[in-house]
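# Coordinates in review
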Amino acid sequence: MKHFYFLFIFCFCSISLLAQDAPKDESKKYFSLEADYYYGSILEHNPDIQHVITGHPRGVTLSYNRKTFGGEAWERFHRYPDWGVTAIYQDMQNEFLGEAFSLYGHYNFYFFQRNVVVRVGQGIAYSTNPFDRESNFNNNAYGTRFLSSTFLKFNYVKENFYKGFGFHAGFSIIHYSNANLKAPNNSTNTFGLNAGVSYQLDYENLPEYTPIQEGENSKDYAEPIKYNIAFRFGVHESDVVGSGQFPFYIVSAFADKRINYKSTLQAGIDVMFLPFMKEFIKYRSIAFPEDGLSGDEDWKRVGLFVGHELRFNKVAFVSQLGYYVYYPFEFENRVYNRLGLKRYFLGDKVFASVTVRAHWAKAEGVEFGLGIRL
């Protein structure tokens, strides 16, 4: 079951990132290939992972980029980004962590006359040496073999520098975590320097960028306030190893206001049903009587949130910040955040989402969501 969830995350994220409306003229499809090497360090974001930081991770990145030239409105309003697929091999240089193989869907955003690129990728990773009670109990970073993974990459680029060949260099951050699907889950964040080369296929026939059309304005896509209902669900475990995985359910109601082509603002309420919390409270009341818990404290929560959606045609990147107004049992903290992807269907009236709810950098669960927009 745990493998199914992460495969679902990867498929959703990759398909959502890549499945934009392609230009109808097939001749407008252009793509490039990249390869680079990186060398870095695992950041000590948690003192509990100090013992697994023993060397400098290194690896190889391979990427496929589909170029855009403004054939669709979303391409023009986002300044002609690329989208594609990235594969990363990483040797963690630690006997307990082993190696990681990962695959992502990504976007490239260009700045400063297309000399600086920011790449954002989301996908799935495979760890060769996850936590095991008997054979690898020192790996408290990865509780499962399959992990969700996110990376950010900042590069100086020179594309098509000589007959289709180009070069790039910069730095990246790669995050591996199972989002508390199973304990332990202290995760890792690798900061690395990278350098590599690229090749632009069919470089002699690249078209010109289509500018914003006359009379075309991002604010023309503004909409009146809409009301949404969403149901989110998933499976997770407390930080106590072996405490068991439990399903969770969240009902969300919120209003949104699309202010232009790219941005939609949100505000709403989450009602959370968290059975793992019920078992965790019982455990704490018995194992730590000094906490003064009865074991019958309420395990449900209610949160208020505000948020933003960054739209790419039918796909949106969701970011929300919330505060628990009903918080009967203190666990982590009262502020939470939600990040992920949403895909609209049926003229933006129905949506599906995959998001991660966390308390700052500590994930509590991967949420699969379905909703309607009225």
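Residues numbered from 1 in each chain as written. Predicted model: local features only at pLDDT ≥ 70, side-chain atom pairs only at ≥ 80, totals over all residues. Heavy atoms only, no water.

With that out of the way, let us pick up the overall build of the protein chain. Regarding its fold elements, the protein chain presents three helices and 16 strands. Dimensions of the protein chain, computed from C-alpha atoms along their principal axes, come out at roughly 70 × 55 × 30 Å. Going through the 374 residues of the protein chain one by one, you find that 50% of them count as buried. In the protein chain, once contacts between residues fewer than 6 apart in sequence are set aside, the share between residues at least 24 apart is 62%. Carbon and sulfur atoms provide 62% of the accessible area of the protein chain, an area that totals close to 17,400 Å². The averaged location of the 39 negative side-chain charges in the protein chain is 5 Å from the averaged location of its 38 positive side-chain charges. (Helix = DSSP H or I, 4+ residues; strand = E, 2+ residues; numbered from the N terminus. Buried < 20%, exposed > 50% of the residue type's maximum accessible area, 1.4 Å probe, protein only. Contact = heavy atoms within 4.5 Å. Areas by Shrake-Rupley, 256 points an atom, 1.4 Å probe, with all protein chains shown as cover. Lys, Arg positive; Asp, Glu negative; His and termini not counted. Charge placed at Lys NZ, Arg CZ, Asp CG, Glu CD.)

A few words on the sheet that holds strand E10 (residues 246–258). In spatial order, the strands read E9-E10-E11-E12-E13-E14-E15-E16; together these eight strands close into a barrel with antiparallel pairing. For this sheet the average axis-to-axis angle between neighbouring strands, irrespective of direction, equals 25 degrees. For strand E9 (residues 226–236) and strand E16 (residues 362–373), the ladder comprises six bridges, and the chain directions are antiparallel. Of the residues in E16, the one forming a bridge with Arg 232 is Gly 369. (Pairing = 2+ DSSP bridges. Axes fitted to C-alpha atoms, helices over the stretch in contact; angles between N-to-C directions.)

It is worth spelling out the nonpolar core at this point. Among the nonpolar cores identified, the biggest contains 19 residues, and Met 272, Leu 274, Met 277, Phe 329 and Phe 331 are the most heavily contacted of them. Only E10, helix H3 (275–287), strand E13 (315–326) and strand E14 (335–345) provide two or more residues apiece to this core. The element that contributes the greatest number of residues to this core is H3, accounting for four residues. For Leu 274, the contacting residues outside a window of four places in its chain are His 236, Phe 248, Trp 299, Arg 301, Arg 357 and Glu 364. (Core = buried A, V, L, I, M, F, W, Y, C linked by side-chain atoms within 4.5 Å.)

As for its placement among the helices and strands, Arg 301 is situated in strand E12 (residues 300–312). For the buried Arg 301, no salt bridge exists, and the shortest N-O distance to an oppositely charged side chain is 4.1 Å, to Glu 364. A polar side-chain atom of Arg 301 sits 3.2 Å from a polar atom in the side chain of Tyr 324. At a separation of 3.0 Å, a polar atom in the side chain of Arg 301 contacts the main-chain carbonyl oxygen of Phe 331. Ignoring anything within four residues of it in the chain, the contact list for Arg 301 reads Asp 270, Val 271, Met 272, Leu 274, Met 277, Tyr 324, Tyr 326, Tyr 327, Phe 329, Phe 331, His 359 and Glu 364. (Salt bridge = Lys/Arg side-chain N within 4 Å of Asp/Glu carboxyl O. Polar contact = N/O pair within 3.5 Å; in protein donor to acceptor, adjacent residues only side chain to side chain.)

Now for the packing of aromatic side chains. The full count for this structure, using the stated rule, is 31 aromatic pairs. Between Tyr 324 and Tyr 327, the aromatic rings sit 5.8 Å apart at their centres with planes inclined by 15 degrees, giving stacked as the arrangement. By relative accessible area, which is 15% here, Tyr 327 ends up buried. The ring of Phe 288 has Arg 284 lying over it, and the distance from NZ or CZ to the ring centre is 4.1 Å. Of note, Arg 301 hangs over the ring of Tyr 324, and the distance from its end group to the ring centre comes to 4.4 Å. (Phe/Tyr/Trp six-rings, centres within 6.5 Å; stacked < 30°, edge-to-face > 60°. Lys NZ or Arg CZ within 6 Å of the ring centre and 35° of its normal.)

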